[in-house]
Protein chains: 2
Amino acid sequence: MSALRNSKQRDAVLRVLSERYDHPTAEEVYISVKKVIPSVSLATVYRNLKLLESEGMIIKITTPESDRFDGHTHEHYHFTCNECKRVIDLELSEGLNVNALPKSFGGKITGHELMFYGLCEGCNKI
Amino acid sequence: MSALRNSKQRDAVLRVLSERYDHPTAEEVYISVKKVIPSVSLATVYRNLKLLESEGMIIKITTPESDRFDGHTHEHYHFTCNECKRVIDLELSEGLNVNALPKSFGGKITGHELMFYGLCEGCNKI
DNA sequence: AAGTTAACGATAATGATTATCATTATCAAT
DNA sequence: ATTGATAATGATAATCATTATCGTTAACTT
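What counts, and where the lines are drawn
Residues numbered from 1 in each chain as written. Chains lettered and ligands numbered in written order. Predicted model: local features only at pLDDT ≥ 70, side-chain atom pairs only at ≥ 80, totals over all residues. Heavy atoms only, no water. Helix = DSSP H or I, 4+ residues; strand = E, 2+ residues; numbered from the N terminus. Buried < 20%, exposed > 50% of the residue type's maximum accessible area, 1.4 Å probe, protein only. Contact = heavy atoms within 4.5 Å. Areas by Shrake-Rupley, 256 points an atom, 1.4 Å probe, with all protein chains shown as cover. Lys, Arg positive; Asp, Glu negative; His and termini not counted. Charge placed at Lys NZ, Arg CZ, Asp CG, Glu CD. Salt bridge = Lys/Arg side-chain N within 4 Å of Asp/Glu carboxyl O. Near = heavy atom within 4 Å. Polar contact = N/O pair within 3.5 Å; in protein donor to acceptor, adjacent residues only side chain to side chain. Nonpolar A, V, L, I, M, F, W, Y, C, P; charged D, E, K, R; others polar. Pairing = 2+ DSSP bridges. Axes fitted to C-alpha atoms, helices over the stretch in contact; angles between N-to-C directions.

**A closer look at the overall build of chain A**
Then step 1. Helix and strand counts for chain A stand at four helices and five strands.
Then step 2. Reading chain A from its N terminus to its C terminus gives the helix and strand order α-α-α-β-β-β-β-β-α.
Then step 3. With the C-alpha coordinates of chain A rotated into their principal frame, the extents come out at 50 × 50 × 25 Å.
Then step 4. For chain A, the residues scored as buried account for 40% of the 126 residues in total.
Then step 5. Restricting to contacts in chain A with at least 6 residues of sequence separation, those with at least 24 account for 51%.
Then step 6. Carbon and sulfur atoms form 49% of the exposed surface of chain A, whose accessible area is close to 7,400 Å².
Then step 7. Once the 16 positive and 17 negative side-chain charges of chain A are each reduced to a mean point, those two points are 8 Å apart.

What follows is the structure, encoded as structure tokens:
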């Protein structure tokens, strides 16, 4: 059943994401990886982003603009600036009590994603 | 500055969404509108979905799979089934206290979107 | 009734993501 | 170390949702 092999490209994708905190797009990850492995293909970056996400090693953040990726998988939330489209980490003062939430729901909840919208500090001042 | 005119097509898009509770995709809205206005164009449906969303009359729900639309704009949340990809409304037993949330954040929060993931009632039984 | 232009229908263009396929690299078994 | 099986790659074609273009139609103002 398709054992996973080592690959420099996959390692590079993972390293790039673990070192960045700005939630890059696939294209931006590609640019970063190219600096380490100039011959890398965009398709390989897409492949490994998908694979790493399915392995739970990175998180895909779906925004109205574009998909972005996060190498830090601890529970935290995100903010998208409506102006500059930047995605910023938000730590919550009190955690989201997921268990208390659904009033009547027959299925099983295994995860959730919370996105805030508005203006970031920089764009709010303009 | 570009006054808004009436249009049967836009009315039809809005009516379809107000009568449905299953969060259809643009394509599915198109199919529904076609039953009332067979000559309608897919481009017109996209145009009006975008316009109605910017007017705050409908909500666009961005999911990892596809964008979906909701004609009911009161505050409520959604659940996506990882199996059948259905999007279901979730009313919360206790509201999300947005104001208490951000620990330290210099910007301005104007909205948020909360999506739950898991297995819906049907898929959970299989 | 005529003029202005928002909105339309049809369709081409775009852009992000995925599929294909020949080649290369990883790794277990020898 | 060598070999064989196949996962992974790079290059690129294909796909598919969305947007742009453009000539025509229809809503509203005068």
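**Let's talk about the pattern of salt bridges**
Pairing between side chains of opposite charge can happen when the charged atoms of each approach one another.
All names here are of chain A.
Then step 1. On inspection of all chains with the given rule, the structure shows seven salt bridges over all chains.
Then step 2. One salt bridge in this structure joins D22 and R20, with 2.7 Å as the shortest N-O distance.
Then step 3. According to the relative accessible area criterion, R20 is partly exposed, its value standing at 22%.

**Some remarks on the protein's contact with DNA strand D**
Then step 1. Taken together, 23 residues lie around DNA strand D, and R5(A), S7(A), T44(A), R47(A) and Y46(B) are the ones closest in.
Then step 2. A distance of 3.4 Å separates a sugar or linking oxygen of DNA strand D from a polar atom in the backbone of A3(A).
Then step 3. The side chain of R10(A) places a nitrogen or oxygen atom 3.1 Å from a phosphate oxygen of DNA strand D.
Then step 4. Where the surface near DNA strand D is concerned, the elements lending two or more residues are α1 (8-19) and α3 (42-54) of chain A together with α3 (42-54) of chain B.
Then step 5. Each residue belonging to the surface near DNA strand D can be placed in one class, and the counts come to seven nonpolar, eight polar and eight charged.

**Focus on the sheet that holds strand β5 (residues 108-119) of chain B**
Then step 1. If you walk across this open sheet you meet the six strands as β4(A)-β3(A)-β5(A)-β5(B)-β3(B)-β4(B), and the pairing is mixed. Every interior strand has two partners, whereas the edge strands, β4 (87-90) of chain A together with β4 (87-90) of chain B, have only one. Going from strand to strand, the sheet's axes swing by 30° on average, the running direction of each strand aside.
Then step 2. By the bridge criterion, eleven bridges tie strand β5 (residues 108-119) of chain A to β5(B) in an arrangement that is antiparallel. Counted as the bridge partner of Y117(A) is G111(B) from β5(B).

**So, the protein's contact with DNA strand C**
Then step 1. Around DNA strand C sit 22 residues in total, of which R5(A), Y46(A), R5(B), S7(B) and T44(B) are the nearest.
Then step 2. Taken together, the sugar and phosphate atoms account for 67% of what DNA strand C places within 4 Å of the protein.
Then step 3. Between a phosphate oxygen of DNA strand C and a side-chain N or O atom of R10(B), the distance comes to 3.1 Å.
Then step 4. Note that a phosphate oxygen of DNA strand C is positioned 2.4 Å from one of the side-chain N or O atoms of T44(B).
Then step 5. Mapped by element, the contributors of at least two residues to the surface near DNA strand C are α3 of chain A together with α1 (8-19) and α3 of chain B.
Then step 6. Within the surface near DNA strand C, the residues separate by chemical class into six nonpolar, eight polar and eight charged.

**Things to note about the pairing of β5(A)**
Then step 1. Strand direction decides the pairing type here: strand β3 (residues 77-81) of chain A and β5(A), joined by four bridges, are parallel. Each residue of the ladder has a partner; that of F79(A), found in β5(A), is F116(A).

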